[in-house]
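Residues per chain are reported as follows:
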Amino acid sequence: MKVILQQDVRGQGKKGQLIEASDGYARNFLLPRKLAVEATADNINTMKLQEKAKKAREAAEKAEAEAVAERLKNCTVRITAKAGNGGRLFGSITSKEIAEELKAQHGIDLPKAKLVLEEPIKAYGGYTLKAKLGYEVTGTVQVIVAEG
């Protein structure tokens, strides 16, 4: 019996996949638990439409990520901080602070989890950070830590 999976099923396939399952397995396990629906012409058509919509949504999200990466190229985030002797900061500059300043100074709303800090920023100076925007798109953020 051909069925369309509604969820990932271990050993069978991923959500939205059309698989061939034995009649008993489909009738007694997959269908009652709503893990799959029977592959009728109507259900197959619905599956194709959902697949098409998913691809369009992913393309739009990737284009948006590329647009954000392009905007980040021209942005320099300036952060002021207090420091002790030798230019070492009291505490460190976190990705949360950088994300907040990026939004305040340039209007780019970027979650702190997308900013990649190799090591905490603990001194004055200029830094280049990577921003993982998803869909294998990365951008760079210039950060200048100045005396405040």
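Preceding block: the structure.
Below or above, wherever it landed, is the structure these notes cover. (Residues numbered from 1 in each chain as written. Predicted model: local features only at pLDDT ≥ 70, side-chain atom pairs only at ≥ 80, totals over all residues. Heavy atoms only, no water.)

### Section: the nonpolar core
In step 1: If you look at the biggest cluster of nonpolar residues, it comprises 24 residues, and the most contacted ones within it are Leu72, Ile93, Ile98, Leu110, Leu133 and Val141.
In step 2: Residue assignment for this core shows that the elements contributing at least two residues are α2 (41–73), β4 (76–81), β5 (88–93), α3 (95–106), β8 (125–134) and β9 (137–147).
In step 3: Residues within four places of Ile93 in sequence aside, it is in contact with Ile79, Ala81, Ile98, Leu117, Ile121 and Val145.
In step 4: One finds Leu5, Val9, Leu35 and Ala36 within the second-largest nonpolar core, a separate group that totals 10 residues. (Core = buried A, V, L, I, M, F, W, Y, C linked by side-chain atoms within 4.5 Å. Buried < 20%, exposed > 50% of the residue type's maximum accessible area, 1.4 Å probe, protein only. Helix = DSSP H or I, 4+ residues; strand = E, 2+ residues; numbered from the N terminus. Contact = heavy atoms within 4.5 Å.)

### Overview of the sheet that holds strand β1 (residues 2–5)
Strand pairing in a sheet is mediated by backbone hydrogen bonds. Such pairs are either parallel or antiparallel.
In step 1: As summarised here, the arrangement of the 3 strands in space is β2-β1-β3, forming an open sheet in which the pairing is antiparallel. The sheet terminates laterally at β2 (18–20) and β3 (36–38), the two strands that pair on one side only. The mean inter-strand angle of the sheet, taken between neighbouring strand axes irrespective of direction, is 40°.
In step 2: One ladder, built from 3 bridges, connects β1 with β2; its direction is antiparallel. Bridge pairing in β2 places Ile4 opposite Leu18.
In step 3: Packed onto the sheet, α2 meets β1, β2 and β3 and runs at close to 35° relative to β1. (Pairing = 2+ DSSP bridges. Axes fitted to C-alpha atoms, helices over the stretch in contact; angles between N-to-C directions.)

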